[in-house]
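Here is how the chains run, residue by residue.
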Amino acid sequence: MRVLIDGDGCPVVGITAELCSKKGIPCVLLCDTAHEMRRSDVQVLTFDKGADSVDYALANRVTPGDVVITQDYGVASMCLAKGARVLHQDGWEYTPWNIDALLWERHEARKFRQNGGRTKGQSKRKPEQDQCFRTALSAILEQIPGKA
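*Asks:* Just to check I follow, could you spell out the layout of surface pockets for this structure?
*Replies:* In this model, the second largest pocket occupies a volume close to 160 Å³. Taken together, 15 residues make up the lining of the second largest pocket; nearest its centre are Asp6, Asp8, Val54, Asp55 and Asp72. With three residues, helix H2 (residues 53-61) is the single largest residue contributor to the lining of the second largest pocket. Its residues placed into classes, the lining of the second largest pocket shows two nonpolar, seven polar and six charged.

This is the structure in structure tokens:
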């Protein structure tokens, strides 16, 4: 079991690395050459820049029981199908019961934008979001048997 992070634009890499280190759980950060990161506290895998290159690399590496951190609903869907637990950077978990609705909302928003509509972008990240993520990931990691 390990934690895989969709690293392109992920604001919770540090929190994830800290919690994994405390629990002795391997942590892998996947990024592309446009978002290349260097960290000593996680394994970093870098892939060619390109549409969805990191997404597919992550989905191809995930195994049942892994935990995946992503804000991408498509990546979440692929990882759920492979038996992973998937957590959003705001601390809520993707599940088989909510993923279809999330994908549908994404599809509808895209159609709206393609027809000239404008959607609201993400607001500035708040400390409460980091705390929600920390709490959720801690709870998931606590459920892993044999880890201190």
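*Asks:* I tried to follow the pattern of salt bridges on my own but got confused; where do I start?
*Replies:* Two side chains that carry opposite charge are able to pair once their charged atoms sit near each other. Scanning all chains against the criterion turns up eight salt bridges. Between Lys23 and Glu142 there is a salt bridge whose closest N-O contact spans 3.3 Å. One end of the pair, Lys23, is in helix H1 (residues 13-23); the other, Glu142, is in helix H5 (residues 127-142), and 119 residues separate them in sequence. The class of Lys23 is buried, set by a relative accessible area of 13%.

*Asks:* Looking at this structure, I do not really get the packing of aromatic side chains. What am I missing?
*Replies:* Aromatic ring pairs: the centre-centre distance and the angle between the two ring planes describe each pair. Applying the stated rule across the entire model yields three aromatic pairs. When the centroid spacing of 5.9 Å and the interplanar angle of 70° are considered together, the rings of Tyr73 and Tyr94 count as edge-to-face. With Tyr73 in helix H3 (residues 73-81) and Tyr94 in strand S6 (residues 93-94), this residue pair connects regions lying 21 residues apart in the sequence. Residue classification places Tyr73 among the partly exposed positions, given a relative accessible area of 21%. Residue Tyr94 is classed as buried on the basis of its relative accessible area of 1%. Following the ring pairs from residue to residue traces out a cluster consisting of Tyr73, Trp92 and Tyr94.

Cut-off values and rules
- Residues numbered from 1 in each chain as written.
- Predicted model: local features only at pLDDT ≥ 70, side-chain atom pairs only at ≥ 80, totals over all residues.
- Heavy atoms only, no water.
- 1 Å grid on protein atoms, 1.4 Å probe; cavity = no way out; pocket = protein on both sides within 12 Å on 5 of 7 lines; lining within 4 Å.
- Points joined across faces, edges and corners; volume = space filled by probe spheres on them.
- Helix = DSSP H or I, 4+ residues; strand = E, 2+ residues; numbered from the N terminus.
- Nonpolar A, V, L, I, M, F, W, Y, C, P; charged D, E, K, R; others polar.
- Salt bridge = Lys/Arg side-chain N within 4 Å of Asp/Glu carboxyl O.
- Buried < 20%, exposed > 50% of the residue type's maximum accessible area, 1.4 Å probe, protein only.
- Phe/Tyr/Trp six-rings, centres within 6.5 Å; stacked < 30°, edge-to-face > 60°.

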